[in-house]
Amino acid sequence: MASNSKNLAELLNSDVTLTATDIANDAVTTAKIADGAITPVKTAGLASAGKNLIINGDMKISQRGTSFASLTSGYAFNVDRFARYIHLVGTWTMSQSTDTPTGLGFSNSLKVDCTTARGSLDASSELVVLQRIEGQDLQLLKKGTSSAEKLTVSFWVKSAKTGTYILELFDHTNSRTINKSYTISSANTWEKKTVTFEGDTTGALANTSAVALQLNFWLAQGSNWQSGTLQTSWGSAVTANRGVGQVNLADSTANDWYLTGVQMEVGETATDFEHRSFVEQYNRCKRYYQRVNADAAYDYGAIALTAGTNSAWYVPFPFDGPMRADPTLSYSAVGNFRVTLQHSDSTACTGIVIGYTHNERIMLSVQAGTNNASNGTRMFGFNGASAGWIAFHAEL
């Protein structure tokens, strides 16, 4: 023991504060610490970076826009990484909101607002907000083994509609599911919810870049989803057991639902939300979606150099970081783009497709008119449309 260490009598009979020099090297080992002796309160803030398996859980990134109205059907994205699926549940607006719980460092939330109600649901009706996660990012769960880890999901939620809501983990690799309920107790009040899911000893998750696990925030479900018994332990997916008890958020245009601070971490303890910088969160989102918008102050801006002959032009387009998979293409309108040598020698595009695809770079094949009659190098860019955009998708 160190020469200046405290003797036993001193430790037992006085209020002593130990310093590092009072403890001999290697004196404290794991075996000497009793189970449960170190509580989460004592280790708050010490959890490792990267503990949150959810991307954009604070809803700060929204590349596609900040509000999406008149939503009645289909699968699409709201804020980055959070998708929606709507089927026979009225009409909705989903938006990036600045309404957040106070004093916690959040700037944004996802708002789901009912604009046309559907009080009586069809049997197959469903409304869900979800995030899908790659299998290669989930191997630490050890799913399908005797050492399978528990998962804890914590989040902040607010709604005008109180009652029971269903939170679900869906295993895409093995078509297995587990469902837990939570309760919104006070209308129009931010509440923190924590839900722990047991580890699943059956069915390993595929170690690939494909979707393996999906986190579902159910908001409305028809009788097909509620005619059985809620499946609160892992098992094969049975539709009738996946939404038992879920309220109908679609039953009034007064209803809304807000979500932020979503964290999913290994273990059975919810730690403080892991705040990531805007740049880090943005870069994580760009693995799945990258978008270039026209600058309203410079709406003739070039996007990339292009080379070709007459009306056939080829545009090499490197991505800002590798995407999850070879992407697909979308854009505002073909007339929002042009091929140009200079402002007086430009032609609006008549077609834009992917000529060569790769998850790190692509080659666009662009058709334009005959003003670019000579061979050589031109610029591909926006054509004076401040609302123009081009995007690449590799979502799950």
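Residues numbered from 1 in each chain as written. Predicted model: local features only at pLDDT ≥ 70, side-chain atom pairs only at ≥ 80, totals over all residues. Heavy atoms only, no water.

Student: Where do I start with the overall build of the protein chain in this structure?
Tutor: For the protein chain, the helix and strand inventory stands at 3 helices and 20 strands. A burial count over the protein chain gives 45% of its 396 residues as buried. Accessible surface computed for the protein chain: about 18,100 Å², of which carbon and sulfur atoms make up 50%. (Helix = DSSP H or I, 4+ residues; strand = E, 2+ residues; numbered from the N terminus. Buried < 20%, exposed > 50% of the residue type's maximum accessible area, 1.4 Å probe, protein only. Areas by Shrake-Rupley, 256 points an atom, 1.4 Å probe, with all protein chains shown as cover.)

Student: Mind showing me how you'd approach the packing of aromatic side chains here?
Tutor: The description of two aromatic rings rests on the distance between their centres and on the angle between their planes. The tally for this structure, following the rule as stated, stands at 15 aromatic pairs. With a centroid separation of 5.7 Å and an interplanar angle of 80 degrees, the aromatic rings of Tyr 75 and Phe 77 are classed as edge-to-face. Here Tyr 75 falls in the partly exposed class, since its relative accessible area comes to 33%. Owing to a relative accessible area of 10%, Phe 77 belongs among the buried residues under this scheme. The interplanar angle of 65 degrees and the centroid separation of 5.2 Å between the aromatic rings of Phe 319 and Phe 392 together place this pair among those described as edge-to-face. Of this pair, Phe 319 sits in the loop between β14 (312-318) and β15 (328-331) while Phe 392 is found in strand β20 (residues 389-393), placing the two residues 73 residues apart along the sequence. Residue class for Phe 319 comes out buried when judged on its relative accessible area of 10%. The exposure class assigned to Phe 392 is buried, which follows from its relative accessible area of 1%. Of the aromatic side chains, those joined through ring pairs into one cluster are Phe 155, Tyr 165, Tyr 182, Phe 217 and Trp 257. Note that Arg 64 overlies the ring of Tyr 289, its terminal NZ or CZ placed 3.7 Å from the centroid. Here the guanidinium or amino end of Arg 84 rests over the ring plane of Phe 68, the centre of that ring lying 5.6 Å away. (Phe/Tyr/Trp six-rings, centres within 6.5 Å; stacked < 30°, edge-to-face > 60°. Lys NZ or Arg CZ within 6 Å of the ring centre and 35° of its normal.)

Student: I keep staring at the pattern of salt bridges and nothing clicks. Help me out?
Tutor: Opposite charge on two side chains lets them pair, provided their charged atoms get close. For the structure on display, the rule yields 20 salt bridges. A salt bridge links Glu 134 to Arg 287; its shortest N-O distance comes to 2.8 Å. Of this pair, Glu 134 sits in strand β4 (residues 126-134) while Arg 287 is found in the loop between α3 (278-285) and β12 (289-293), placing the two residues 153 residues apart along the sequence. The exposure class assigned to Glu 134 is buried, which follows from its relative accessible area of 0%. Given a relative accessible area of 23%, Arg 287 falls into the partly exposed group. The shortest N-O distance in the salt bridge between Arg 284 and Glu 280 comes to 3.2 Å. One end of the pair, Arg 284, and the other, Glu 280, are both in helix α3, 4 residues apart, so they sit about a helical turn from each other. (Salt bridge = Lys/Arg side-chain N within 4 Å of Asp/Glu carboxyl O.)

Student: Any chance you could explain the nonpolar core here in plain terms?
Tutor: Nonpolar side chains in soluble globular proteins tend to end up buried together. Counting 46 residues, the largest nonpolar core has Trp 92, Phe 155, Tyr 182, Phe 217 and Trp 257 as the members making the most contacts within it. Examining the composition of this core, we find that 6 residues originate from one element, strand β9 (residues 211-221), more than from any other. Not counting chain neighbours up to four residues away, the residues in contact with Phe 217 comprise Leu 127, Val 128, Val 129, Phe 155, Ile 166, Leu 167, Tyr 182, Trp 257, Leu 259 and Val 262. (Core = buried A, V, L, I, M, F, W, Y, C linked by side-chain atoms within 4.5 Å. Contact = heavy atoms within 4.5 Å.)

Student: Hey, could you run me through the layout of surface pockets in this one?
Tutor: Gaps left between atoms are located by rolling a probe of water-molecule size over the structure's atoms. Of the pockets and cavities examined, the largest pocket occupies roughly 220 Å³. For the largest pocket, the lining is made up of 15 residues, of which Leu 53, Ile 55, Asp 137, Arg 284 and Tyr 288 are closest to its centre. Per-element accounting of the lining of the largest pocket gives the leading share, 4 residues, to β4. A breakdown of the residues in the lining of the largest pocket according to their chemical character gives 4 nonpolar, 4 polar and 7 charged. (1 Å grid on protein atoms, 1.4 Å probe; cavity = no way out; pocket = protein on both sides within 12 Å on 5 of 7 lines; lining within 4 Å. Points joined across faces, edges and corners; volume = space filled by probe spheres on them. Nonpolar A, V, L, I, M, F, W, Y, C, P; charged D, E, K, R; others polar.)

Student: What exactly am I supposed to notice about the pairing of strand β6 (residues 163-171) here?
Tutor: In the case of a regular strand, side chains alternate between the two sheet surfaces. Judged by how many residues are buried, β6 sits mostly within the fold: 8 of 9 residues are covered. Alignment of β6 against strand β7 (residues 176-184), held across 9 bridges, turns out to be antiparallel. Bridged to Ile 166 within β7 is Ser 181. Connecting the antiparallel pair β6 and β7 is a turn made up of 4 residues, with Ser 175 showing a positive phi of about 55 degrees. Where β6 meets β9, 5 bridges bridge the pair, whose relative direction is antiparallel. Paired with Leu 167 across the two strands is Phe 217, which belongs to β9. (Pairing = 2+ DSSP bridges.)

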